[in-house]
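# Report on the structure
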Amino acid sequence: MTIVNFTPFSALLGGALIGLAATAMWWLLGRIAGVSGILGNAIGARGIDRLWRLAFLAGLFSAGLIAIAAFPQAVHFSMEAGAAASIIAGLLVGIGTSLSGGCTSGHGVCGVSRLSMRSLVATGSFMAAGFLTVFVARHLL
């Protein structure tokens, strides 16, 4: 097996920036940087609670646009699945985040770093489901 996309520097830098952002959010707002919770509560929130949520989401979106503009050769995207498969996948992810009380960013980054038992179990479940999905898709289908 040949590894064709080994990028340790950018992966380390990206991970460090995610950790720094999650830490800053915890220290400055006392909030966990769980994207599904931030997105899910952005519409119903009012006042300053809504403002920081919308600013966070705008930052995520604009950071992607800035990365594409600044490094077009490094950022590429292709969607092999059709629109229907993507919609179904998105709905399944939404159901999963509701059932587990959070998403990979909330549990995997913030919860595991706090040694939250709930987050350790949820992250283990995310990983196991991902491993199983890849195995089934690559070897059984």
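To keep things clear, this report deals only with the structure shown in the data block. (Residues numbered from 1 in each chain as written. Predicted model: local features only at pLDDT ≥ 70, side-chain atom pairs only at ≥ 80, totals over all residues. Heavy atoms only, no water.)

## Here we look at the packing of aromatic side chains
Summed over the entire model, instances satisfying the criterion amount to 0 aromatic pairs. Over the ring of Trp26 we find Arg114, and its NZ or CZ is 6.0 Å from the ring centre. (Phe/Tyr/Trp six-rings, centres within 6.5 Å; stacked < 30°, edge-to-face > 60°. Lys NZ or Arg CZ within 6 Å of the ring centre and 35° of its normal.)

## Quick word on a nonpolar patch on the surface
A contiguous nonpolar surface patch, about 610 Å² in accessible area, is contributed by Trp26, Trp27, Leu28, Leu29 and Ile32. Mapped onto the secondary structure, Leu28 falls in helix α1 (residues 8-29). According to the relative accessible area criterion, Leu28 is exposed, its value standing at 72%. (Patch = residues over 30% accessible without salt bridge, like charges linked within 9 Å, V, L, I, M, F, W, Y side chains within 5 Å. Areas by Shrake-Rupley, 256 points an atom, 1.4 Å probe, with all protein chains shown as cover. Salt bridge = Lys/Arg side-chain N within 4 Å of Asp/Glu carboxyl O. Helix = DSSP H or I, 4+ residues; strand = E, 2+ residues; numbered from the N terminus. Buried < 20%, exposed > 50% of the residue type's maximum accessible area, 1.4 Å probe, protein only.)

## Quick word on the packing of helix α5 (residues 104-113) against helix α6 (residues 117-140)
Viewed as axis vectors pointing N to C, α5 and α6 meet at an angle of 130°, and their least axial separation amounts to 9 Å. Judged on the interaxial angle alone, α6 and α5 are oblique. The two elements α5 and α6 cross, and the hand of that crossing is left-handed. Here Thr104, His107, Gly108, Gly111 and Val112 of α5 come into contact with α6, specifically with Arg118, Ser119, Leu120, Ala122, Thr123 and Phe126. (Axes fitted to C-alpha atoms, helices over the stretch in contact; angles between N-to-C directions. Parallel < 35°, antiparallel > 145°, perpendicular 65-115°, else oblique. Left-handed = near helix turned anticlockwise from the far one by under 90°. Contact = heavy atoms within 4.5 Å.)

Interpretation note: all reported values are geometric properties and have no functional meaning in isolation.
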